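A structural walkthrough
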Amino acid sequence: PGCASIILATIILIVTLVAGPILNGYALSILWEWFIVPTFGAPQLSIPAAIGIALVVAYLTKQEQPSDPARKDWTMWQTIACAVMTIILKPAGALFMGWIVQKWM
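Residues numbered from 1 in each chain as written. Predicted model: local features only at pLDDT ≥ 70, side-chain atom pairs only at ≥ 80, totals over all residues. Heavy atoms only, no water.

Here we take up the packing of helix α1 (residues 3–40) against helix α3 (residues 76–102). Relative orientation of the contacting elements α1 and α3 amounts to 10°, with a least axis distance of 10 Å. Judged by the inter-axis angle, α1 sits roughly parallel to α3. Broken down by class, the residue content of the contact of α1 with α3 amounts to 22 nonpolar, six polar and one charged. (Axes fitted to C-alpha atoms, helices over the stretch in contact; angles between N-to-C directions. Helix = DSSP H or I, 4+ residues; strand = E, 2+ residues; numbered from the N terminus. Parallel < 35°, antiparallel > 145°, perpendicular 65-115°, else oblique. Nonpolar A, V, L, I, M, F, W, Y, C, P; charged D, E, K, R; others polar.)

As C-alpha cells, then:
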C-alpha cells in the first residue's frame, strides 16, 4: 500500500477508536434508562459516565479472540472494514434488541 493509503487507514482507525467508546457509552446509557432505572429505581446514567463504565468493563473483561485462519489473507482494507463494522454494529445491535425488549415491559 502507498503512503496515502496508509495515512487514510490510520485516520479511519483513529476515528473508529474514538467513536467506538462513544457509541458503546451511548448504547449503555439508553439501555440503562430502559431497563435499570425502571427496574431498580437507579439514577439515570449520563453518556460520559456510561462511556467510563463501558471502558472499565471492557478493560476488566477483554478476552482475546482466536485468530481466524480465513482472515490471514485479508487485505488491510478488509481488516479495517471488519473492525469498523464490528465497532458500529455491536452497540447498534444491542440498542435494537433492547428497543424490542423494552416494548414488552
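Attention now goes to α3. Three- or four-residue spacings in an α-helix give side chains the same orientation, since the helix completes a turn every 3.6 residues. If you check α3, its first and last C-alpha atoms are 39 Å apart, about what 27 residues at 1.5 Å a residue would give, namely 39 Å. Taken as a whole, α3 carries its principal kink of about 25° at leucine 89; the proline proline 91 stands between one and four residues after it. Residues Ile80, Val84, Pro91, Leu95, Gly98 and Gln102 constitute the buried set of α3. Looking at the buried side of α3, the elements it contacts are α1. (Expected span 1.5 Å × (residues − 1). Bend = angle between axes of the 7 residues up to and from the residue. Buried < 20%, exposed > 50% of the residue type's maximum accessible area, 1.4 Å probe, protein only. Contact = heavy atoms within 4.5 Å.)

Moving on, we come to α1. The first and last C-alpha atoms of α1 sit 53 Å apart over 38 residues, in line with the 56 Å expected at 1.5 Å per residue. At tryptophan 32, α1 shows its largest bend, some 40°. Listed as buried for α1 are Ala9, Thr16, Gly20, Gly25, Ala27, Ser29, Ile30 and Val37. Those residues of α1 that are buried lie in contact with α2 (47–61) and α3. Positive backbone phi, at 70°, marks glycine 41, one or two positions downstream of α1.

Applying the stated criterion to the full structure yields two aromatic pairs. Between tryptophan 34 and phenylalanine 35, the ring centres sit 6.4 Å apart and the planes meet at 90°, which makes this aromatic pair edge-to-face. Since its relative accessible area comes to 22%, tryptophan 34 is described here as partly exposed. (Phe/Tyr/Trp six-rings, centres within 6.5 Å; stacked < 30°, edge-to-face > 60°.)

With that settled, the discussion passes to a nonpolar patch on the surface. A grouping of Leu23, Met85, Ile88 and Leu89 is seen on the molecular surface, where their side chains present a nonpolar patch of about 340 Å² in accessible area. Ranked by residues supplied to the nonpolar patch, first place goes to α3 with three residues. Mapped onto the elements of the fold, leucine 89 is located in helix α3. (Patch = residues over 30% accessible without salt bridge, like charges linked within 9 Å, V, L, I, M, F, W, Y side chains within 5 Å. Areas by Shrake-Rupley, 256 points an atom, 1.4 Å probe, with all protein chains shown as cover. Salt bridge = Lys/Arg side-chain N within 4 Å of Asp/Glu carboxyl O.)

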